[in-house]
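Here's the letter readout for the chains.
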Amino acid sequence: MNTPLHFAVMGNPIKHSYSPLLHALFAKQAGLDIHYEKVLVPIEEFEPAVQTFFEQGGKGLNITVPFKLRAYELAKANLSPRAQSAGSVNTLWMEDGNLHGCNTDGIGMVNDIQRQGIDLKNKKILLLGAGGAARGVILPLLETGCRQLLIVNRTVTKASELVAQCLTGLPQYADVLSAGSFEQIQDQWDIVINATSSSLQQNALPLPVGLFTTNSLAYDMVYTPENDTPFLQQARKDGATVASDGLGMLVYQGAESFFIWHHVRVNPVPVLDALRQQLVTG
Ligand code: NDP
């Protein structure tokens, strides 16, 4: 009998992670036999834990809070463009004896938006927040051919620095990408993405009314069982056509990791339905 291929997600804390469930459902769909576990890694032991995992024949790792930057450092010699642009890594694997890293969060979010029938080409996109999650989605958003991507942040200097840093590597997007403050938000937007953690704190954001175009999407990276966050409530009241939380982002980033490791494309939609069901029933 063959031993199942070994995968894991490493983080601290890790109890909350849905990655084992996602990958079990993907593997079932693909007809693969895998073993995927959660590993709680003490803060000071991340690097040796990764090394030991691969030395013992592990095939792939997902990395979550607070280790994504350290995973980036570990795989620095072999980073995908998405990881380079994100400045962090959530997917690790070995190739020819070398550690490789990618960040699938951004493409996961873009794929989840497209799942909802929304084309991002030529769209005006407002991205709220300038932390790690915002940084991770910038390149995948720009690659969709959006017309404008404005990043606003409570601490404005962080947004300006992030944009300056991105444009150093991606000067071709100088006419598309810009930074600002919440107070400077004007006009109407096709897509407004909340990449702040405001919804986790149950806070509304200081957004002007009349923010959304007639055919618009409000997307919150935070997710809840009922697809309802303070930001999404605010957006629905203000006329957003579609309001989506970030559960699909979670599922689609997993599907991209699965593709990197197994070279198999799975259908994330039934997995998203199953996860939503699990969240609702507890
Ligand atoms: P960071 O801590 O790196 O950044 C937090 C960001 O939120 C900063 O821009 C911060 O602004 C802003 N912020 C926090 N509180 C407020 C507030 N009350 N009002 C306005 N802005 C606020 O976090 P991450 O970027 O890693 O994560 C952001 C969110 O995205 C988290 O809630 C996380 O759960 C979610 N996420 C979801 C994923 C998914 O798969 N669905 C994947 C990754 C992240 P400032 O700089 O001024 O402090």
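See the structure printed just above.
Starting afresh in each chain, residues are numbered from 1 along the sequence in its written order. Under the rules for a predicted model, residues below a pLDDT of 70 receive no local features and side-chain atom pairs below 80 are neither given nor counted, while totals for whole chains, interfaces and linings still include all residues. Values shown for side chains rest on all heavy atoms present in the structure; no hydrogens or waters enter the calculation.

Caption draft 1: Region of interest: the overall build of the protein. Helix and strand definitions here come from DSSP, where helices need a minimum of 4 consecutive H or I residues and strands a minimum of 2 consecutive E residues; each element is numbered from the N-terminal end. The secondary structure content of the protein amounts to 10 helices and 11 strands. For this measure, only C-alpha atoms enter the radius of gyration; the expected value for a globule follows 2.2 Å times N^0.38, where N is the number of residues. On C-alpha atoms alone, the protein measures out to a radius of gyration of 19 Å, which is about the 19 Å that the 2.2 N^0.38 rule sets for 282 residues. Considered along the principal axes of its C-alpha atoms, the protein spans approximately 60 × 45 × 30 Å. Partly exposed residues are those whose accessible area sits between 20% and 50% of the maximum for their type, while under 20% is buried and over 50% is exposed, using a 1.4 Å probe and protein chains only. Within the protein, the proportion of its 282 residues that are buried is 52%. A contact between two residues is defined here by any heavy atoms of the two lying within 4.5 Å. Residue pairs at least 24 apart in sequence account for 70% of intrachain contacts in the protein once pairs closer than 6 positions are excluded.

Caption draft 2: Representation of the environment of Q114 within the structure. Within the element layout of this structure, Q114 appears in helix α5 (residues 105-115). Put simply, Q114 and S80 are 34 residues apart on the chain and 22 Å apart in space, counted from C-alpha to C-alpha. Those residues in contact with Q114 that lie beyond four places of it in its chain are L120 and T144.

Caption draft 3: How the structure looks around the site of the ligand. Throughout, the term near means that a residue has one or more heavy atoms lying within 4 Å of the molecule or strand in question. Around the ligand lies a shell of 23 residues, among which A133, N153, T155, K158 and M221 are the nearest. Between an oxygen atom of the ligand and a main-chain N or O atom of A133, the distance comes to 2.8 Å. All accessible-area figures derive from a Shrake-Rupley calculation using a 1.4 Å probe, and residue coverage is judged against the displayed protein chains alone. Taken by itself the ligand offers 940 Å² of open surface, and the protein chains cover 76% of this. Looking at the shell around the ligand, the elements with two or more residues in it are α6 (132-142) and α9 (247-262). Residue polarity is assigned by list, with Asp, Glu, Lys and Arg as charged and Ala, Val, Leu, Ile, Met, Phe, Trp, Tyr, Cys and Pro as nonpolar; anything else, Gly included, falls into the polar class. Of the residues contributing to the shell around the ligand, the split by class is 10 nonpolar, 11 polar and two charged. The term polar contact refers here to a pair of N or O atoms within 3.5 Å; inside protein, the definition further demands a hydrogen-donor-capable atom paired with an acceptor-capable atom, and it admits residues adjacent in sequence only when both atoms are side-chain atoms.

Caption draft 4: Representation of the sheet that holds strand β3 (residues 60-63) within the structure. Sheet architecture is open: five strands sit in the order β2-β1-β3-β4-β5, paired in mixed fashion. Strand pairing shows two members of the sheet lacking a second neighbour, β2 (34-40) and β5 (98-102), which therefore form its edges. Between one strand and the next, the sheet's axes are offset by a mean angle of 25°, whatever the strand orientation. Note that strand β4 (residues 91-95) and β5 share five bridges and pair antiparallel. Bridge pairing in β5 links L92 to G101. Together, β1 (5-11), β2 and β3 form the strand contacts of helix α1 (residues 19-30), whose direction differs from that of β2 by roughly 175°. Helix axes use the C-alpha atoms of the stretch in contact, all axes being lines fitted to C-alpha atoms, and the angles between their N-to-C directions lie in the range 0 to 180 degrees. Along the sheet face, α9 touches β1, β2, β3, β4 and β5 and points at about 5° away from the line of β4. Strand pairing requires that DSSP identify at least two bridges connecting the strands.

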